[in-house]
Amino acid sequence: WNIMKYLGITSAFILLFAFSTYTLIAQKAATDLRCEYLQNPIGIGVEQPRLSWMIPSEPEKKNIKQSAYQIQVASSIDNLEKSKRLIWDSERVNSEQSTHVTYPGELTARTRYYWRVRTWDQDNQESPWSEPAYWEMGLLHAGNWSADWIKPGHSEDPKIANPAPLMRKEFTLDRNIAKARLYVTSHGLYHAEINGEEVTEDLFTPGWTSFAKRLQYQTYDVTALLQRGDNAIGISLGDGWYRGKFGFSSGWNLYGEELALLAQLEVEYTNGKKEVIGSDATWKSSTGPIRMTGIYDGEVYDARMERPGWSKVGYDTGDWSTVKTTDISKEKLIEPRGVPVRKKEILEPKKIFTTPAGEMVVDMGQNMVGWVEITFDGNAGDTVSIYHAEVLDKDGNFYTENLREAEQRMQYILKGDGPQTFAPQFTFQGFQFIKLEGLDALPDPSSIKGVAVYSDMEQTGTFECGVPLLNQLQSNIQWGQRGNFLDVPTDCPQRDERMGWTGDAQAFAPTACYNFHTAAFYTKWLGDVAVDQKDNGAIPFVVPNVLGDNAVGSTGWGDVATILPWTMYLKYGDVRILEEQFETMSGWVDFLDNLAGENHLVQDGFHFGDWLFFIHPTEWNAKPGYSDVDFLATAFFGYSTHLVVEASKVLGKSSETAKYQSLLTEIKSAFQEEFVTKKGRLSPHSQTAYTLALAFDLLKEDQQENAVRYLVKNIESRDFHLSTGFLGTPHLCRVLSDRGYTDVAYKLLLQESYPSWLYPVTRGATTIWERWDGIKPDGSFQTTAMNSFNHYAYGAIGDWMYSVTTGIQDDPKNPGYKHIFLRPHPSKELQYANASHKSLYGTIHSSWKIEGDQVTFNFVVPPNTTAVIEIPQNGINPAQGVDRYEVGSGSYTYEIAVQ
Ligand code: BGC
């Protein structure tokens, strides 16, 4: 028998008393005010930005809902607080909407808009006004740029890595300053200083976009850095993605041979007068201590060539050149929609030791992305080199062969007047270990700090359970995301790739959205997916496309065009991203439609297939993991078409719905005729084939049961090992649990022997490996040609851990977690699981714990949302029946006897 004990019953009377006093108290003021997902952004360009807020949760209260809101917008905090001269007053709007409320008016360049919101709750109780927040518009139009593009005046050799140029200017501000903004961008990376102070903590600016078509510029509030009187600005440039060694052929000058700078400092005096100091022909250029810098190769820094005070007033530019102006279009300039890269974490060395080969090595304890900050002492001219590696070989020696052409090396040349701390400026490396050359003795641990850098996304997900290896897997997934979310979603951060591989991105996106607040990050990147789409609708293998016009059109990769916007719609309720991307989404499907032609099977073109699926050297013929590429291509064609149908429904595009729905019907019947027997056996007979046919709903009703059985049999015949690659893996466990085989999914998840998710963890992995067998059971490595130890694609299992183990699921009919499904699938092996996800409405919690013959479930549903909680009637297995509870916000506990 079942006992369902709704905890709180015993305290119901006390609560009832408390509740009646509470209802008299107003709803709490809204918090977490965001504009276009960002807190107080400056320099945005979205014409009609969307505003969101959260209703604070109150643990004692249930069913908190917003019934109405009012937004006010003003040009100053003072006006806002006095409700005076409002630019916009929404008045009271009866609506539950607390996310993506569109600002309806016209906005002016360079202007800051202060806003606040108040809400009414389910009992019509009014909240106080929120704390004010703001957003500020950027320059918006090319015509608002008066500065000139400039390039260094000194000569460079475009065939080699050149020293990083410095550019500077002194100027006088003759009145008291009320406000100042620096608008700045570059070809190459820039680092800006004013009067010797860094302008920003942002790194790798202006970021990586498809530079020929879109180049971001940033806006900084530099009021506090300027003074009445003389001032100086200095900006250094690095090769970065623009012209450094980059891309498959490790070529140079991908986007151009010359670095360039565009900077516009706009100052407003207290008397209202304005002044603009722009980059122009009066600036000077030279080079400094960074003698070479490259994304793959690292940096060479010669401290003897430092130019102390170069961004301060009074510096002698006697030996500097005068810059040249250059003609670069300002039409391609855009305001950022993403988040900047920042220093996010500092790690201490775990161990410093000498390897059997006699190398001086530091183990940072974590495969990370960024650099080490290191302090040395020595004589002028002494050189210390730092090499970076992800792993040691089986003898315990430093291993860099998997880095291919990437040198991952810093070289510091001392100037010899006491200890100095070094860190690179324009490069990042992927590593757990560093090797030091040029030191006499092992360094002191306090002289080394690991600096992890990544896009500044808030962590929104946690997952923990009773199996330590799984907890390490979760940590590996999250670290894989940190290291590969460096302005664009990359495949890996260490070897000579580090590119925006679209297939990896689509595979990992749902997991990524649980772990971190990725909405702004992905919005930015989808802009590049759209502009890099070919006229015939083909999507490149990598975005920004640095591999050329022919590196386009692979299914499973190009499908990022449909999968990612749809994922963002589900996770963030973002309708606008569907609007903005719809042409790209349908363009991709049209491309596949043309490729397939009359018979609706994609049998043409190049496709990567189920990349890196498991191949056993001796079992190849007996039990292949291989899936035919035309099967996979057609399956993704069907799936993307389905997503275009769904998106067109959300957008009310009825003629598109009809068009793509009938295409989908044709694809399904072609698929069934070609690849499926009457009873649901597939050719190819692989795990990935069954997984995708079921996940993408390509089978007839009466074929599905058999197909699931074939999948399970295949897994059993491999003694509960998977054989899937990049395409099948993200969907494998979901298909099993959806069809009542959660037990099989858990066996795969908990499998420790290779191939499995936990095998790398047993080998000490701290990030997700590119291959199931990056390090083989005998300790040897997979091919040096492709063996990254920080590739997030297989981390896609994270989605299943959140959404099945703890059962936190979105509802496509009410996306963005406005309505939530809580459908946990407990497992005795895990003993307990505890997950949280901070949605746009607040934090969702789900946990369960098995103690003796009882399972206790705990949930928290955030304010202004509702949820359906499904509790397995036998405590463990939802497939045997569930009890459903429709609930509003609040905390819920259920205790169930395990049967
Ligand atoms: C990358 C990938 C990518 C693949 C294409 C590799 O070199 O690292 O992760 O998706 O190529 O199949």
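Positions within a chain are numbered from 1, following the residues in the order the chain's sequence is written. Two thresholds apply to this predicted model, a pLDDT of at least 70 for residue-level local features and 80 or more for giving and counting side-chain atom pairs, whereas whole-chain, interface and lining totals are computed over all residues. To get the side-chain values, take all heavy atoms of the structure and skip hydrogens and water.

Thoughts on the site of the ligand
Line of reasoning, step 1. For this purpose, a residue is taken to be near a molecule or strand whenever a single non-hydrogen atom of the residue falls within 4 Å of it. For the ligand, the full set of nearby residues is Asp491, Arg495, Glu497, Trp501, Asp504, Trp557, Phe608, Trp611, Phe726, Glu770, Met786 and His791.
Line of reasoning, step 2. In the analysis that follows, any N or O atom pair within 3.5 Å is treated as a polar contact, provided that within protein one partner can donate a hydrogen and the other can accept it, and provided that, for residues neighboring in sequence, both atoms belong to side chains. Between the ligand and aspartate 491, the relevant distance is 2.7 Å, taken from an oxygen atom to a side-chain nitrogen or oxygen of the residue.
Line of reasoning, step 3. When the free accessible area of the ligand is taken as 310 Å², the share hidden by the protein chains comes to 98%.
Line of reasoning, step 4. For this scheme, ten residues count as nonpolar: Ala, Val, Leu, Ile, Met, Phe, Trp, Tyr, Cys and Pro. Four count as charged, namely Asp, Glu, Lys and Arg, and the remainder, Gly too, count as polar. Here the shell around the ligand is composed, by residue class, of six nonpolar, one polar and five charged. For accessible areas, the Shrake-Rupley method is used with a probe of radius 1.4 Å. Any residue's cover is judged against the shown protein chains and nothing else.

Considerations on the layout of surface pockets
Line of reasoning, step 1. Both site types are read off a 1 Å grid over the protein atoms alone. A 1.4 Å probe that fits but cannot get out defines a cavity, while an open set with protein on both sides within 12 Å along at least five of seven lines defines a pocket; lining residues have an atom within 4 Å of a point. Grid points are joined across faces, edges and corners, and a volume is the space filled by probe spheres set on the points. Approximately 1400 Å³ is the volume attributed to the largest pocket.
Line of reasoning, step 2. Surrounding the largest pocket, 43 residues form its lining, Leu570, Tyr639, Ala695, Arg734 and Asp738 being those nearest its centre.
Line of reasoning, step 3. By the criteria applied, helices consist of DSSP H or I runs no shorter than four residues and strands consist of E runs no shorter than two, each listed in order from the N terminus. Sorting the residues of the lining of the largest pocket by element identifies helix 5 (502–515), helix 7 (560–572), helix 9 (629–650), helix 11 (687–695), helix 13 (729–738), helix 16 (797–805) and strand 38 (808–810) as the ones contributing at least two each.
Line of reasoning, step 4. Looking at which element gives the most residues to the lining of the largest pocket, the answer is helix 13, with six residues.
Line of reasoning, step 5. Among the residues making up the lining of the largest pocket, the classes are represented as 19 nonpolar, twelve polar and twelve charged.

A closer look at the pattern of salt bridges
Line of reasoning, step 1. Salt bridge criterion: a side-chain nitrogen from Lys or Arg within 4 Å of a carboxyl oxygen from Asp or Glu. One pass over the structure, following the stated rule, counts 48 salt bridges.
Line of reasoning, step 2. Through salt bridges with shared partners, one network takes in Glu36, Arg50, Arg337, Asp574, Arg576 and Glu580.

Quick word on the environment of serine 554
Line of reasoning, step 1. Secondary-structure assignment places serine 554 in the loop between helix 6 (519–532) and helix 7.
Line of reasoning, step 2. Using a relative accessible area of 0% as the deciding quantity, one classes serine 554 as buried.
Line of reasoning, step 3. Along the sequence, serine 554 and tyrosine 894 sit 340 residues apart, while their C-alpha atoms lie 47 Å from each other.
Line of reasoning, step 4. Contacts: residue pairs with any heavy atoms within 4.5 Å of one another. Residues within four places of serine 554 in sequence aside, it is in contact with Phe541, Trp588, Phe606, His607 and Phe608.
Line of reasoning, step 5. Here the side chain of serine 554 touches phenylalanine 608 through a polar contact of 3.1 Å, landing on its backbone nitrogen. Throughout this description, buried means an accessible area under 20% of the type-specific maximum (1.4 Å probe, protein chains only), exposed means over 50%, and partly exposed covers the range between.

As for the confidence of the model for the protein chain
Line of reasoning, step 1. Confidence in the prediction for the protein chain averages 95 pLDDT; 96% of positions are at 70 or higher.
Line of reasoning, step 2. Confidence scores labelled pLDDT are given residue by residue by the predictor and lie between 0 and 100. Taken as a whole, residues 1–24 scores under 50 in pLDDT and shows 27 contacts with residues more than four places along the chain or in a different chain.

What to know about the sheet that holds strand 7 (residues 112–121)
Line of reasoning, step 1. Judged by pairing direction, the sheet is mixed, and its five strands sit side by side in the order 2-8-7-4-5 without closing on themselves. Strands with a single pairing partner mark the edges of an open sheet, and in this sheet they are strand 2 (42–44) and strand 5 (88–89).
Line of reasoning, step 2. The pairing criterion for strands is at least two bridges between them, as found by DSSP. Summarising the sheet, strand 4 (residues 66–74) and strand 7 pair through eight bridges and their orientation is antiparallel. Opposite glutamine 66, over in strand 7, you have aspartate 121 as the bridge partner.

Remarks on the nonpolar core
Line of reasoning, step 1. Take the buried residues of types Ala, Val, Leu, Ile, Met, Phe, Trp, Tyr and Cys, join any two whose side-chain atoms come within 4.5 Å, and each joined set is a nonpolar core. Ranked by size, the top nonpolar core spans 237 residues in total, and within it Phe204, Leu226, Ile235, Trp241, Leu473 and Trp757 carry the most contacts.
Line of reasoning, step 2. Take this core: its biggest share by element is eleven residues, from helix 9.
Line of reasoning, step 3. Counting residues in each nonpolar core, the second largest holds 21 residues, with Cys35, Tyr69, Tyr103 and Met137 among its members.

Focus: empty space enclosed by the protein
Line of reasoning, step 1. Throughout the structure, instances matching the rule amount to five cavities of 30 Å³ or more.
Line of reasoning, step 2. Forming the walls of the largest cavity are Leu473, Asn476, Ser756, Trp757, Pro760, Val761, Thr767, Ile768, Trp769, Arg771, Trp772 and Tyr794.
Line of reasoning, step 3. Contributions of two or more residues to the lining of the largest cavity are made by helix 4 (468–484) and helix 15 (758–762).
Line of reasoning, step 4. When its residues are assigned to classes, the lining of the largest cavity shows eight nonpolar, three polar and one charged.

Regarding unusual backbone geometry
Line of reasoning, step 1. Residue proline 206 is reached from threonine 205 by a cis peptide bond, and omega for that bond is 10°.
Line of reasoning, step 2. Topologically, proline 206 is positioned in the loop between strand 13 (197–198) and strand 14 (215–216).
Line of reasoning, step 3. Here the residue pair valine 543 and proline 544 is connected by a cis peptide bond, since its omega of -5° sits within 30 degrees of zero.
Line of reasoning, step 4. In this structure, proline 544 sits in the loop between helix 6 and helix 7.
Line of reasoning, step 5. Even without a glycine there, the phi angle at histidine 100 is positive, about 55°.
Line of reasoning, step 6. With respect to the helices and strands, histidine 100 occurs in the loop between strand 5 and strand 6 (101–102).
Line of reasoning, step 7. One non-glycine residue, asparagine 253, lies in the positive phi region at around 55°.
Line of reasoning, step 8. Turning to its location among the elements, asparagine 253 is positioned in the loop between helix 3 (240–243) and strand 17 (260–269).

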